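Here is what each chain is made of, one letter per residue.
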Amino acid sequence: MAPNAGVCPTCGFLPLQPDEPQSDRSPRVEELLRCNHPPLDVETLDLRRAVRNFTGIVTELDEKIVKVKEMLHKLSLARENAKCRLEDARKLLHPVRSIPDDILGVIFQHSAPSWEGSTPESVLDSLSPRGAPWLLSHVCRRWRNLVLSSPNLWTFLRLRLDAHSRHITPTQCVFKTYLCLERSRNRPLSVCLYSTESKFKDHPVLPLLQASAARWKSLKAILPPIPLEYFSGTPFPILRDLQIGVMPTLANNVVTTFASSSSIVSFKCVISISLEYLDLPWTQIREYAHTDAFQTRNLKALRKMTRLHKLDLTVGSTHARITVPIPLPELRELNLTELPQAAPTHMNDMFGALEMPSLAYLSITFPQLIDRSMHFPPSHYALGNLTKLRISGNPVGHSDNIQHLLAFLCLTPNVVELRLELMALIEELIDGLDFTKTPRLPRLRVLDVSECTIRTLHQAELTAAGGNSDGRCLEKVCVPRWVYIYARENYRGALDVECGFALDDDYSDDSTESDDSTDSDSDSAV
């Protein structure tokens, strides 16, 4: 065969075809094979001699091929055996086998569903074999024994009652729910119930749940009123955290299921509901959240919660005029969120309606929209006890937003920690945060702008500070060196920096040292 015979002229590779045996025929043999003439007498003798010789050669090569195939078979078996032993050794040396049971139990606890992650959009409920802890108990005998001996893995019960009819029968639902309750071994339970249909008031699992109500410490119920009323008269002696979302098909009667639950201290409206259909022990509530701040029933309930410590409100399109302020003497934390459909003044009106002399933490979230004005508490509002402040929004959405923000910061002289989550940290705002030139935030110790997008590199250049090449700060902020700064710059992918300044170990808040001190012997950059 010619050296380049069969080579592809485009790619230069040989085609995928069987190799032909190389021939060393003489020209005379080639000539005789192309015709039907007999060979010469001399050639006949040579050909007969070749028949005798090559018959033995072929027989000898056949024997060698058989031996080589036997050797190849033995080598293949030896390789498979070695490969099997290698895989066995790797499996036996896997790190998961060496994890102690107590650490493995902690891992299982993190993999199991929890109260914090219980959302209506969750696909799996507590009866699904594809989720923990059921899935963990089917891996091996050791894992099963550990799962069954860990009652904390079974203390969270989430039931999507309207989805069960498509996957399991009511009898199976009752049986698996009973297993969860039995394996939790009388531990306090966190229960989440979801349903969109009132017919589940006759579901056979409800009596089983009612029998375990004495162990409920947390309950999230997104149900129509009728299934919720099923638990009326049931005692909840340790129920502390209650989250309710009643479906739109509201009944005319008031749901009194939790009216006598004296241990409830936290209540949250998961879905905007009319609280006139829900009776609760409002005077003992310590934490409260509602998705419609100006709802009339919500405002009436707020006046009853005199012991409230934490309040989360969402300001929407609903608005009501509040002539008499709502006193919240013990409130320490307030989280306000303004929706895009809310009027710009609604947030300001809600501030003016609340009297919070003990407020220490304030979080304000504005819509990150263009052409949106940010309204803060009025100038006469007392925020002297405020020590932590978080502001989220779009400062460039309106021309007055920066001035409103800087003016508001002047009303919070005792803030120690400031967190800004802004869409843009522009030069005007950075200049306004120059604490060496303005009286804003004289007690500030932590400035967190890590969630802000800095518009231009020259407006907030990150430079070395204090002679330490590892310590960097926002140059134009010009903060005193005892302020700890978190900053992250993402400008054209050039920088991704976290930096800060830490206090000396012997620093005390009672120190009489001047706030604007920049002595070179002060705190070193971190």
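Described in the following lines is the structure provided in the data block. None of the values given here were measured: they were computed from a predicted structure. (Residues numbered from 1 in each chain as written. Predicted model: local features only at pLDDT ≥ 70, side-chain atom pairs only at ≥ 80, totals over all residues. Heavy atoms only, no water.)

**Quick look at the overall build of the protein**
For step 1, the next point in the chain: Counting its regular elements, the protein contains twelve helices and 17 strands.
For step 2, the next point in the chain: Taken over 526 residues, the protein has a buried fraction of 40%.
For step 3, the next point in the chain: Within the structure as shown, the protein displays about 29800 Å² of accessible surface, and the carbon and sulfur contribution to it stands at 54%. (Helix = DSSP H or I, 4+ residues; strand = E, 2+ residues; numbered from the N terminus. Buried < 20%, exposed > 50% of the residue type's maximum accessible area, 1.4 Å probe, protein only. Areas by Shrake-Rupley, 256 points an atom, 1.4 Å probe, with all protein chains shown as cover.)

**Remarks on the packing of aromatic side chains**
For step 1, the next point in the chain: Evaluation of the coordinates by the stated rule reveals ten aromatic pairs.
For step 2, the next point in the chain: For the pair F108 and W143, a centre-to-centre distance of 5.0 Å together with 65° between the ring planes defines the contact as edge-to-face. Taken together, the residues span a long stretch of sequence, with F108 in helix α3 (residues 101-111) and W143 in helix α4 (residues 141-148) at a distance of 35 residues.
For step 3, the next point in the chain: A relative accessible area of 3% places F108 in the buried class. (Phe/Tyr/Trp six-rings, centres within 6.5 Å; stacked < 30°, edge-to-face > 60°.)

**Remarks on the environment of I322**
For step 1, the next point in the chain: Relative to the helices and strands, I322 resides in the loop between β7 (310-315) and β8 (326-327).
For step 2, the next point in the chain: Given a relative accessible area of 22%, I322 falls into the partly exposed group.
For step 3, the next point in the chain: For the pair I322 and A353, spaced 31 residues apart in the sequence, the C-alpha separation amounts to 6.3 Å.
For step 4, the next point in the chain: With residues up to four places along the chain from it excluded, the contact list for I322 reads F294, L299, R303 and A353. (Contact = heavy atoms within 4.5 Å.)

**Regarding the side chain of T412**
For step 1, the next point in the chain: Mapping T412 onto the fold places it in the loop between α11 (401-409) and β13 (417-422).
For step 2, the next point in the chain: In this structure T412 comes out as buried when scored by relative accessible area, which is 0%.
For step 3, the next point in the chain: In this structure the side chain of T412 is engaged in a polar contact, spanning 3.0 Å, whose partner is the backbone oxygen of L409.
For step 4, the next point in the chain: Apart from residues no more than four positions distant in its own chain, T412 is found in contact with L383, L386 and L441. (Polar contact = N/O pair within 3.5 Å; in protein donor to acceptor, adjacent residues only side chain to side chain.)

**Section: α4**
Since the α-helix advances by 3.6 residues per turn, residues separated by three or four positions end up pointing in the same direction.
For step 1, the next point in the chain: W143, L146 and V147 are the residues of α4 that are buried. Considered in projection along α4, the buried side chains sweep an arc of 100° and stay on one side of the axis.
For step 2, the next point in the chain: Packed against the buried residues of α4 are α3. (Arc of directions from axis to C-beta.)

**Topic: the pairing of β7**
For step 1, the next point in the chain: Both strand β6 (residues 287-290) and β7 contribute to a ladder of four bridges, which runs parallel. Note that in β7 the partner of H290 across the bridge is L313.
For step 2, the next point in the chain: A crossover connection joins β6 to the parallel β7 through helix α9 (residues 296-304); in handedness this β-α-β unit is right-handed. (Pairing = 2+ DSSP bridges. Right-handed = clockwise from strand over helix to strand, strands pointing away.)

**Things to note about unusual backbone geometry**
For step 1, the next point in the chain: The linkage connecting A132 with the following residue, P133, adopts the cis geometry, with an omega of 5°.
For step 2, the next point in the chain: At R185, a residue that is not glycine, the phi angle is positive and equals roughly 55°.
For step 3, the next point in the chain: Looking at the secondary structure, you find R185 in the loop between α6 (170-183) and β2 (189-194).
For step 4, the next point in the chain: Here R185 falls in the partly exposed class, since its relative accessible area comes to 48%.
For step 5, the next point in the chain: The backbone of N186 shows a phi angle near 65°, a positive value even though the residue is not glycine.
For step 6, the next point in the chain: Counting through the fold element by element, N186 comes out in the loop between α6 and β2.
For step 7, the next point in the chain: In this structure N186 comes out as exposed when scored by relative accessible area, which is 67%.

**What to know about the pairing of strand β3 (residues 216-222)**
Consecutive side chains along a regular strand alternate between the two faces of the sheet.
For step 1, the next point in the chain: Burial within β3 is extensive, with six of its seven residues counted as buried.
For step 2, the next point in the chain: Bridge count between β2 and β3: six bridges; the pairing is parallel. When the bridges of β3 are listed, L193 appears paired with A221.
For step 3, the next point in the chain: Looking at chain direction, β3 and strand β4 (residues 241-244) are connected through four bridges and run parallel. Bridge pairing in β4 places A221 opposite I244.

**Things to note about the nonpolar core**
Across soluble globular proteins, you tend to see nonpolar side chains buried next to one another.
For step 1, the next point in the chain: Counting residues in each nonpolar core, the largest one holds 95 residues, and the members touching the most others are W216, F258, F267, Y288, L311 and L334.
For step 2, the next point in the chain: In terms of residue count, α11 provides more of this core than any other element does, five residues in total. (Core = buried A, V, L, I, M, F, W, Y, C linked by side-chain atoms within 4.5 Å.)

**A closer look at the pattern of salt bridges**
For step 1, the next point in the chain: Applying the stated criterion across every chain, the model contains eleven salt bridges.
For step 2, the next point in the chain: Salt-bridge contacts for R28 lead to E31; the nearest nitrogen and oxygen are separated by 3.7 Å. In this pair, R28 and E31 both sit in helix α1 (residues 27-33), three residues apart, roughly one turn of the helix.
For step 3, the next point in the chain: Residue R28 is classed as partly exposed on the basis of its relative accessible area of 30%.
For step 4, the next point in the chain: Given a relative accessible area of 42%, E31 falls into the partly exposed group.
For step 5, the next point in the chain: Here R79 ties to E80 by a salt bridge, and the two come within 3.5 Å at their closest N and O atoms.
For step 6, the next point in the chain: Its relative accessible area of 52% is what places R79 among the exposed residues.
For step 7, the next point in the chain: Beyond isolated ion pairs, a larger network of salt bridges with shared partners links R390, R419, E421 and D448. (Salt bridge = Lys/Arg side-chain N within 4 Å of Asp/Glu carboxyl O.)

**Notes on a nonpolar patch on the surface**
For step 1, the next point in the chain: Together, F54, I57 and L61 line one region of the surface with nonpolar side chains, adding up to about 290 Å² of accessible area.
For step 2, the next point in the chain: Inspection of the secondary structure assignment puts I57 in helix α2 (residues 41-92).
For step 3, the next point in the chain: Given the relative accessible area of 38%, I57 is considered partly exposed. (Patch = residues over 30% accessible without salt bridge, like charges linked within 9 Å, V, L, I, M, F, W, Y side chains within 5 Å.)

By themselves, these are just geometric observations and shouldn't be taken as functional.
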